[in-house]
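For reference, the chains in residue letters:
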Amino acid sequence: MDRPILMRRVWWAGELALLAGSLFLATSLSSAAEWQPILLVALLAAIYFGGDRLNSIVGDGILTPAHSAMVLMMCLLGPAPAVLFGAVAATTKSALRRLPASQWLANLASLTAYALAGSMLSRVFVGNIHAGLAHGDVEYAVFGIGVFVVSFVTISLNFLIVAVDVYIEEERPVGRQFRESFLPLIPGHLTSGVLAALLAVAYTALGLLVLSCGVLVLAIFHYLTGALLRSEDRAEKLEARTIHLANMQVGVLSMLMDALALRDPETSRHATAVARYAKTMALALDCPEEEQEVIHTAALLHDIGKFTWPDRILGAGELTDADWSTVRRHPQDGAALVGKLDGYGPVADAILYHHERVDGGGYPAGLIAGEIPLASRIIAICSTYDTMVARDTHGPRMTPKDAIEELRRLASGQLDGELVETFIALIEREGPELIGEASDGYESELAFASRVRRMASPSA
Ligand SMILES: [Fe+2]
């Protein structure tokens, strides 16, 4: 016989045997006393069948007042009512959801087995309540602990039975189901066990009326827990959506930079080189990690506003006055583009002011010295140096020694003098290894995934 067919038959036989065994044992152990007092039976049946509105669902796991009602049936009534109500609930729910026969049988078998096992367990830990309980503080405490143990062991057993079924049906590992569906609900299951224990003790010590009032507490607990779990779930979904959105936004930026690199390969190499110089500067200046990230990202994207330039300007031919006004607009265009990304405000500011001069003669705002953001002052130095020494630069190429002299000449007029000295110290110490081969590092420099997670925040 085909192996899957054989497995299927074994599964059906097993489920049928489990159901038949549970029904047989419950009937054999049944006594008329288990159905008394009838008001208690009615109250527990009402909670068991009517508590679905207060269910809290996490993954495939569920925290439900029906379990507390079932535990009370197991401990205060006995196996027959617990198994019968379990069977009725499984049948009704399977019929309402129009489940296939196999799932119908699985539900029936698991619910009746769980009800019987819990009732038997309660006889071990709690004793037979119909045989009479001794009244005393110690006895009540032992009784309460017994009910709590029954509650937690049965909910764990119920999870295990369902998880094995899911494993057979969907091959989802039991360990993963435990982490996703059971573990997050453990505090809820423990609290619900404590409440069931308190209700059981209240009933045995003070009677049905007090138990009826206690049911209200149970309902409020489940209502509040449900609200809490729903809000946590919403927060998780919101965060996932925000990360997804930020990914898309940065993805669009990446496409723009790629398109710009196709039109002007120098831009991509220059961006990578400036980013590496700026990152090293930020480290040398001992900037906080978050600021280092801003400086690095802004350096990488500082000329993204060139995207708006026509090819004629990108080619660096003769520029008309109108062309120069386009060229001078690239910090604003770049900042406007990057500023649209959630959490990228400081990066946009750094881009906006990267052509300012410390003497106030720069653009677009004519800021002076310390008014210019640190990131912009760093980018200005790194960009000027790279433009002077790069192999593919348009003007005459300078040696690092000449470029350093030129930087010193520009210090305190165009560039920040103190930062220029820091930069020169780095260049003299590290040499060309400071940036390595910048021509092939743009993508890795961007490192999108980690960048998005660090900079995008749900509240931004
Ligand atoms: Fe620029």
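Each value, and the rule that gives it
Residues numbered from 1 in each chain as written. Predicted model: local features only at pLDDT ≥ 70, side-chain atom pairs only at ≥ 80, totals over all residues. Helix = DSSP H or I, 4+ residues; strand = E, 2+ residues; numbered from the N terminus. Buried ≥ 20, exposed ≤ 12 C-beta atoms within 10 Å, placed from the backbone. Expected span 1.5 Å × (residues − 1). Axes fitted to C-alpha atoms, helices over the stretch in contact; angles between N-to-C directions. Parallel < 35°, antiparallel > 145°, perpendicular 65-115°, else oblique. Left-handed = near helix turned anticlockwise from the far one by under 90°. Contact = placed C-beta atoms within 7 Å. Nonpolar A, V, L, I, M, F, W, Y, C, P; charged D, E, K, R; others polar. Core = buried A, V, L, I, M, F, W, Y, C linked by C-beta atoms within 7 Å.

Asks: Could you give an account of the overall build of the protein chain, with specific residues and numbers?
Replies: Scanning the protein chain from terminus to terminus reveals 20 helices and two strands. Within the protein chain, the fraction of its 460 residues that count as buried is 37%.

Asks: Tell me about unusual backbone geometry, and please be specific about residues and values.
Replies: Cis rather than trans, the peptide bond between Gln36 and Pro37 has omega equal to -10°. The residue Pro37 is located in the loop between helix H1 (3-29) and helix H2 (38-50) in this model. Here the residue pair Tyr363 and Pro364 is connected by a cis peptide bond, since its omega of 10° sits within 30 degrees of zero.

Asks: I'd like to hear about helix H10 (residues 265-284), residue by residue, with values.
Replies: Here H10 contains 20 residues, and its C-alpha end-to-end distance of 29 Å stays within 8% of the 28 Å for a straight helix at 1.5 Å per residue. Most of H10 is tucked away: 15 of the 20 residues are buried. Following H10 by one or two positions, Asp286 has its phi on the positive side, about 65°.

Asks: Go over the packing of H10 against helix H16 (residues 374-389) with me, naming the residues and quoting the values.
Replies: Where H10 contacts H16, the axes come no closer than 9 Å and their chain directions differ by 130°. Judged by the inter-axis angle, H10 sits oblique to H16. Where H10 crosses over H16, the handedness of that crossing is right-handed. Contacts from His270, Ala273, Val274, Tyr277, Ala278, Met281 and Ala282 of H10 reach H16 at Ile378, Ile379, Cys382, Ser383, Tyr385 and Asp386. Across the contact of H10 with H16, the residue classes break down as 10 nonpolar, two polar and one charged.

Asks: Go over the nonpolar core, please, and point to the residues and values.
Replies: Core analysis: the largest hydrophobic core is formed by 49 residues, its most contacted members being Met70, Leu72, Met73, Cys75, Val147, Leu199 and Ala200. For this core, the elements supplying multiple residues, two or more each, are H1, H2, helix H3 (65-77), helix H4 (79-96), helix H5 (101-125), helix H6 (137-170), helix H8 (186-206) and helix H9 (208-263). No other element matches the 10 residues that H3 contributes to this core. Among residues more than four places away in sequence, those in contact with Cys75 are Ser122, Val126, Ile129, Val147, Val150 and Ala200. Formed by 46 residues, the second largest nonpolar core is a distinct cluster that contains Leu337, Ala348, Ala350 and Tyr353.

Asks: Give a description of the environment of Phe125 that names residues and reports values.
Replies: In this fold, Phe125 is placed in helix H5. For Phe125, a count of 16 C-beta atoms within 10 Å translates into the label partly exposed. Taking the C-alpha atoms as reference points, Phe125 and Cys75, separated by 50 residues in sequence, lie 9.3 Å from one another. Apart from residues no more than four positions distant in its own chain, Phe125 is found in contact with Gly146, Val149 and Val150.

Asks: Give me the packing of H3 against H5: which residues, what numbers.
Replies: For the pair H3 and H5, the least separation of the axes is 8 Å and the interaxial angle reads 50°. By the angle between their axes, H3 is oblique relative to H5. By crossing handedness, the relation of H3 to H5 is classed as right-handed. Residues Met70, Val71, Met74 and Cys75 of H3 touch H5, and the partners they reach there are Ala115, Gly118, Ser119 and Ser122. Looking at the contact of H3 with H5 residue by residue, the classes come out as five nonpolar, three polar and no charged.

Asks: So what's going on with H3? Which residues, and what values?
Replies: The terminal C-alpha atoms of H3, which comprises 13 residues, lie 17 Å apart, in line with the 18 Å expected from a rise of 1.5 Å per residue. Counting buried positions over the 13 residues of H3 gives 13, a clear majority of the element. Just downstream of H3, Gly78 is the residue with a positive phi angle, here 160°.

Asks: How would you sum up the environment of Leu285? Please name residues and give values.
Replies: With respect to the element layout, Leu285 can be found in the loop between H10 and helix H11 (289-301). Given 15 C-beta atoms within 10 Å, Leu285 falls into the partly exposed group. Between the C-alpha atoms of Leu285 and Thr422, which are 137 residues apart in sequence, the distance is 8.1 Å.

Asks: I'd like to hear about the environment of Leu253, residue by residue, with values.
Replies: Within the fold, Leu253 resides in helix H9. Given 20 C-beta atoms within 10 Å, Leu253 falls into the buried group. Each C-alpha atom of the pair Leu253 and Leu301 lies 8.9 Å from the other, and the pair is 48 residues apart in sequence. Not counting residues up to four positions away in its chain, the partners in contact with Leu253 are Leu301 and Val338.

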